[in-house]
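Chain by chain, the residues run as shown.
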Amino acid sequence: MKATGIVRRIDDLGRIVIPKEIRRTLRIRESDPLEIFTDREGEIILKKYSPIGEMTTFARQYAESLSQVSGHAALIADRDQFIAVSGGYKQFLGKSISKRLEEKITERETVIAAKGDKEFIPVTEESADEYEQEALTPIICEGDVIGAVVLLENDTKTRLGEVEYKLIMSAAGFLGRQMEQ
């Protein structure tokens, strides 16, 4: 555990303010759910809650199936990081999603683009040169964006299109409905 040197007092309603710098660094937004843990030494640990993170095993299996069916790398992310990767790009597992990907899914946009297109975005902050094409869409559960489904392709001859669009839309819809149960 890392000390920040920041001390806050609890108010009369039992609330404590998480400093803006920490919220920004950890990408904690207003209304984000946090899990509360305690340990034997009396420490309280706050952790960002990821509803789709509870389905990591299922998401991994779904990514493997999606990769096999599509022939492309399949990635599944929660709102902060990639939780499942199959068919290549294993280095993205556990990596934070890029700010631009976060913006796209927050705006509920679906993107199918090749490198050089103005819609093309890096899926992680340092990944733009690692693949040639992408298809991505948000996962929506009970009206809230909870993550994204991403297909990546490194072959410049293969163009992602209508089939990949239908695959990611189907995957996102299915994962969103699974979370509602």
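The notes below deal with the structure included here. (Residues numbered from 1 in each chain as written. Predicted model: local features only at pLDDT ≥ 70, side-chain atom pairs only at ≥ 80, totals over all residues. Heavy atoms only, no water.)

## Structural notes on the overall build of the chain
Turning to step 1, where the next piece is worked out: When its secondary structure is counted, the chain shows four helices and seven strands.
Turning to step 2, where the next piece is worked out: The helix and strand sequence of the chain, counted from the amino end, reads α-β-β-α-β-β-α-β-β-β-α.
Turning to step 3, where the next piece is worked out: With the principal axes as the frame, the chain shows a C-alpha extent of 60 × 35 × 30 Å.
Turning to step 4, where the next piece is worked out: Across the chain, the fraction of contacts at a sequence separation of at least 24, relative to all contacts at a separation of at least 6, is 49%.
Turning to step 5, where the next piece is worked out: When the accessible surface of the chain is summed, it comes to about 11000 Å², and 50% of that surface belongs to carbon and sulfur atoms.
Turning to step 6, where the next piece is worked out: Between the mean site of the 26 positive side-chain charges and the mean site of the 32 negative ones, the chain shows a separation of 3 Å. (Helix = DSSP H or I, 4+ residues; strand = E, 2+ residues; numbered from the N terminus. Contact = heavy atoms within 4.5 Å. Areas by Shrake-Rupley, 256 points an atom, 1.4 Å probe, with all protein chains shown as cover. Lys, Arg positive; Asp, Glu negative; His and termini not counted. Charge placed at Lys NZ, Arg CZ, Asp CG, Glu CD.)

## What to know about the packing of helix H2 (residues 56-70) against helix H4 (residues 162-180)
Turning to step 1, where the next piece is worked out: Relative to each other, H2 and H4 sit at 165°, their axes nearing to 12 Å. Classed by the angle they form, the pair H2 and H4 counts as roughly antiparallel. Taken as a pair, H2 and H4 cross one another with a handedness that is right-handed. Across from Phe-58, Tyr-62, Leu-66, Val-69 and Ser-70 in H2, the residues of H4 making contact are Leu-167, Ser-170, Ala-171, Phe-174, Leu-175 and Gln-178.
Turning to step 2, where the next piece is worked out: Looking at the contact of H2 with H4 residue by residue, the class counts come to eight nonpolar, three polar and no charged. (Axes fitted to C-alpha atoms, helices over the stretch in contact; angles between N-to-C directions. Parallel < 35°, antiparallel > 145°, perpendicular 65-115°, else oblique. Left-handed = near helix turned anticlockwise from the far one by under 90°. Nonpolar A, V, L, I, M, F, W, Y, C, P; charged D, E, K, R; others polar.)

## Comments concerning the environment of Gly-87
Turning to step 1, where the next piece is worked out: Within the secondary structure layout, Gly-87 lies in the loop between strand E4 (82-86) and helix H3 (99-106).
Turning to step 2, where the next piece is worked out: The class of Gly-87 is exposed, set by a relative accessible area of 52%.
Turning to step 3, where the next piece is worked out: Taking the C-alpha atoms as reference points, Gly-87 and Leu-75, separated by 12 residues in sequence, lie 8.8 Å from one another.
Turning to step 4, where the next piece is worked out: When residues no more than four places from it in sequence are discounted, the contact partners of Gly-87 are Ser-67 and Ala-73. (Buried < 20%, exposed > 50% of the residue type's maximum accessible area, 1.4 Å probe, protein only.)

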